[in-house]
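# A closer look at the structure
What follows is each chain in one-letter form.
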Amino acid sequence: MRRRIYMLVVILLMFVGLSVSVPDIKVQAASSQVAASSGGNMVTLAPAGPTPTASPPVERETSWYIPDWVDDMIHKVDDMIQSFKDLMSGKLIKDAIEGLVVLLVDELMSPLYDAFAKSYLFTPQIAEIDLVQSGWSIFMIVGLVSLFIGISWLAFKIIRGKKDLGSLLKVFLLCFVATYLSLTVLNIANVGINWMASKMFEGIIGTSGITYEGLDGQQILKAMIVGAAGITEASYAAQTLGELTVSTSGGIFNLLGYLILVVLPLYVVAVVKTLVLMFMAILVNLWITQSAYTGKFETMLGFANLYVRTLIVGLICGLHWAIFVKMQTDYGEGTGFCAAIGIPPIIFAILSAVVLIVFFFFFWIKPLMRAAQNPMTLNGANVVESMGKWGEKTSTTLDSMGKRMGSEGVQKKALSMKEASKRMQSAAERMRTQRSVGKDKLASTLSGGMSESVQGIAYQEPEQWLEEGGQVHVDVEHELAFGESEIKSSALNISTVLGEEGFRSVSLMQAPVAQRKKLTQKLSSLKKEYKEDVTWDESTGELILAGETLDMLPQLEKDGFDVSAVREGMYKDGAFVDLNHAPKITQLKDSAEAKQAVEQIKEALPLYTRANLPEAQAAAAYHALKDRADEYPWVKDLLLEQGALWLPDDDLEEATEVLEGMMAQTTRKIRYNFPRYSQFAASMLEEWERSSTSEALAKVLELANDESHVYVPEEHLNEFQKAYDTYRKDRTPYWRAKDGAVYVIKDRVPVNYGQPPLHGLDMGGFERLQKEMLHRHETQRDKQSQATKTVAKARAASTPKDKGQVNGNG
């Protein structure tokens, strides 16, 4: 019994101590937090990534009446109960797994941080890497020696009189300089792209005073999780990247996704980018030397393509980082797109990294693999061909936009771009045979052309003398012409209305020049009371009679004056309205009073102006405008009289604009390309300008400054083709070489003609023709070789089958 009572007392004391100690612990924890926040080392944490802190052990205060051994027992019981709760809820297992994963991830990521710190945000300055400097120096010496030998040999040949080797010597000299400066140029490109990236980071993230080049790998990756605070606040330094990631809303899943889809792929990109730049910098001089000796300039184009793409990949990686640091910063402040939809930016960072890797594969990895398959040329010809195809597609789009906007200039630029793109594709084809052509050209120079005859290289004139290069649609506005203005009203109404405005009925006589002096003498003898009704101007011969003086006309006719050209009308202050025929306004005097009187007539009477249009077109315009009466109120005042369209003067400006817009037409200009490199087009047009038959045609043609093409209006197309064929028919094409020799093709052989033919066509430089013919010959030879190999393979493939059939039959 005593034992039971004792146990009850112990249990009671335990519950009492528990009820007292728990509030004490809560109060002490709260007070410790307040003390920490009020101290000088206060830490502010971003909401997206809280920093877990370990609370210091709290000393329990016990009552004096509770023995120490009881307090220790209560503490152990509390720990057991809490451990049991954690075990039952799964928290203990979860914390253990999470801690293990975080530990493993941190250990895995630790070796990767150096690569992120040195080559992720910025491109490494390869000139400062010891391995690159030593490797580049070795190959530079090899290249300079090789090029010096080539330069010496070419200089010796030039001294011996082989002047044609001068252009080749310039190439070797250029490559000699490029070899010495190659690493400097590459390093300048690196520095430039890094400077651009640094300025973009400052603009996107909105920070200043931060040296982005000095960030370590953990800071770069933490910034994508907590924003700019990850690189500006030291409070995050105590946490590992794994701990910081797992503390976000996604927990361990964010950690694994961030590791697998962001950290590891971008680490591979950073490492491969650096290795590619180092490899290309070390071997650049070999490719320069190879280009000089083989003439394959596609190699340097392929090199530039890969190097620029690699630099762009580094820049895009840095911009991707800056954008998501900015997004995470805004999210921590409760602003931005992610905060609005409630999704942490780390989710978008993971998804965008996947898209970025896919883009890098097509933009960078595939061209890199293709270049690795063709290490001597670095796939340069295919690069040029691809650029030509893209340029052709772009020109088609630009041409369509130009037609929609009605811009003639844009359409012409698009056609020029299309032609240039086609030439790029042709240049890519020539690049593939450039080495063989270079050898053949050198052999031809040394042998005086005999090697070409041995190889059977045939020359021919252009297959197409005129090639259509596209069309330009041009909107041609119709400029409307007008006749004189007329008053559309009856003579009686005009007299009545103008009479109320102070106009008088008069007779206007136009005196011949021979009778003007005699008429002046006659009028000087008039009675004084008549002089107010008579207006006479001897300089113009205009005599105006009003009132009672109207009876003077028969007397003047008796006196021998010509009164046949007399017009009846209304007159005031130098303004006259003819009532005999079509009522028109005539301003007889150039004075302010006359102008004011004309304005009075226009305000008092309906004035119309005739549009000079054919009857059918005038009728069509009239009916078309009548259908748009709701849109234009002045349409109701239009008049159509005897096939003539009359427009009201009050709305003449707007009516003219509408009519000209209705009659605007779209015409075409066709672009025709002359044979490439030819230079006879300007001379042809000058001759046409001097010709009476083709002078008008020459004025409407638009010739390019380089004489490569001409734009022909559609309505002059047939005329142009006939004139062009006539001009070219009896003329001899000739080519001029650099040494002054003139060549004419006879039986597919270039013959030195001595002087340009009297009636000739200047086709440009002979060296260009020679190179084109050599390329064509080499292309045909490659096709024949490929065809022979295909036939041989087909025969080889069919031989075992035939043997099997024979053996089976046996």
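Moving on to the overall build of the protein. Regarding its fold elements, the protein presents 27 helices and 18 strands. Buried positions account for 39% of the 810 residues belonging to the protein. Sequence-distant contacts in the protein: of pairs separated by 6 or more residues, those separated by 24 or more amount to 72%. Here the protein has roughly 46,100 Å² of accessible surface; of this, 58% comes from carbon and sulfur atoms.

Let's shift gears to the nonpolar core. Core analysis: the biggest nonpolar cluster contains 77 residues, and Tyr-120, Leu-121, Tyr-212, Tyr-258, Phe-303, Tyr-307 and Trp-321 have the highest contact counts within it. Those elements that place two or more of their residues in this core are α4 (113-119), α5 (130-159), α6 (166-205), α7 (217-226), α8 (229-232), α10 (252-294), α11 (298-332) and α13 (345-373). Ranked by the residues each element gives to this core, the list is headed by α10, at 18 residues. Apart from residues no more than four positions distant in its own chain, Leu-121 is found in contact with Phe-116, Ala-197, Phe-201, Tyr-212, Leu-215, Ile-220, Gly-314, Gly-318 and Trp-321. Ranked by size, the runner-up nonpolar core spans 32 residues in total, among them Met-684, Val-710, Phe-720 and Trp-735.

Next up on the list: the side chain of Arg-671. If you trace the backbone, Arg-671 turns up in strand β12 (residues 665-673). Nearest to the buried, unbridged Arg-671 among oppositely charged side chains is Glu-419, at 4.7 Å. A polar side-chain atom of Arg-671 sits 3.2 Å from a polar atom in the side chain of Ser-416. In this structure the side chain of Arg-671 is engaged in a polar contact, spanning 3.4 Å, whose partner is the side chain of His-709.

This part is about the packing of aromatic side chains. In total, this model carries 19 aromatic pairs according to the counting rule given. Ring plane angle 55 degrees and centroid distance 5.9 Å describe the contact between Phe-337 and Phe-348, whose orientation is recorded as tilted. Taken together, the residues Phe-337 in helix α12 (residues 336-341) and Phe-348 in helix α13 connect sequence positions 11 residues apart. By the ring-pair criterion, three or more aromatic residues cluster together here, those being Tyr-672, Phe-674, Phe-680, Trp-688, Phe-720 and Tyr-724. Positioned over the ring face of Trp-390 is Lys-393, at 5.1 Å from the centre of the ring. The positively charged end of Lys-488 is found above the aromatic ring belonging to Trp-646, 3.7 Å away from the centroid.

Here we come to the side chain of Glu-419. When you line up the elements, Glu-419 lands in helix α15 (residues 408-432). Under the relative-accessibility criterion, Glu-419 is labelled buried at 15%.

Before going further, it helps to spend a moment on a negative patch on the surface. On the surface, a cluster of negative charge is made up of Glu-500, Glu-501, Glu-599 and Glu-603. Relative to the helices and strands, Glu-500 resides in helix α18 (residues 491-500). With a relative accessible area of 65%, Glu-500 lands in the exposed category.

Bringing the pattern of salt bridges into the picture now. If you walk through the whole model with that rule in mind, you get 11 salt bridges. Across the salt bridge formed by Arg-567 and Asp-578, the nearest N and O atoms sit 3.6 Å from each other. Linking Arg-567 in strand β6 (residues 566-572) with Asp-578 in strand β7 (residues 575-578), this pair joins segments that are 11 residues apart in sequence. For Arg-567, a relative accessible area of 29% translates into the label partly exposed. Connected via shared salt-bridge partners are Lys-412, Lys-669 and Glu-702.

A word on the confidence of the model for the protein. Taken residue by residue, the protein gives an average pLDDT of 78. The fraction at 70 or more is 78%. Across the protein, strand β14 (residues 709-713) holds the top mean pLDDT of 92, while helix α1 (residues 2-38) sits lowest at 38. With pLDDT under 50 throughout, residues 1-60 is counted as low confidence; its partners more than four residues away or in other chains account for 45 contacts. Ignoring residues within four places in sequence, the model shows residues 802-810, a span with pLDDT below 50, making 0 contacts including any to other chains.

Over its 29 residues, α13 runs 40 Å from end to end, which matches the ideal 42 Å to within 8%, given 1.5 Å per residue. In the structure, α13 departs most strongly from a straight axis at Phe-361, where the bend amounts to approximately 40 degrees.

The buried fraction of β14 amounts to 5 of the 5 residues, a majority that puts the element mostly inside the structure. Burial along β14 is two-sided: the residues His-709, Tyr-711 and Pro-713 and Val-710 and Val-712 are all buried. In this structure, β12 lies alongside β14, joined through 5 bridges in antiparallel fashion. By the bridge assignment, Arg-671 is partnered in β14 with Tyr-711. Where strand β13 (residues 702-703) lies against β14, 2 bridges are found, and the strand directions are antiparallel.

Basis of the calculations
- Residues numbered from 1 in each chain as written.
- Predicted model: local features only at pLDDT ≥ 70, side-chain atom pairs only at ≥ 80, totals over all residues.
- Heavy atoms only, no water.
- Helix = DSSP H or I, 4+ residues; strand = E, 2+ residues; numbered from the N terminus.
- Buried < 20%, exposed > 50% of the residue type's maximum accessible area, 1.4 Å probe, protein only.
- Contact = heavy atoms within 4.5 Å.
- Areas by Shrake-Rupley, 256 points an atom, 1.4 Å probe, with all protein chains shown as cover.
- Core = buried A, V, L, I, M, F, W, Y, C linked by side-chain atoms within 4.5 Å.
- Lys, Arg positive; Asp, Glu negative; His and termini not counted.
- Salt bridge = Lys/Arg side-chain N within 4 Å of Asp/Glu carboxyl O.
- Polar contact = N/O pair within 3.5 Å; in protein donor to acceptor, adjacent residues only side chain to side chain.
- Phe/Tyr/Trp six-rings, centres within 6.5 Å; stacked < 30°, edge-to-face > 60°.
- Lys NZ or Arg CZ within 6 Å of the ring centre and 35° of its normal.
- Patch = residues over 30% accessible without salt bridge, like charges linked within 9 Å, V, L, I, M, F, W, Y side chains within 5 Å.
- Charge placed at Lys NZ, Arg CZ, Asp CG, Glu CD.
- pLDDT = per-residue confidence, 0-100.
- Expected span 1.5 Å × (residues − 1).
- Bend = angle between axes of the 7 residues up to and from the residue.
- Pairing = 2+ DSSP bridges.

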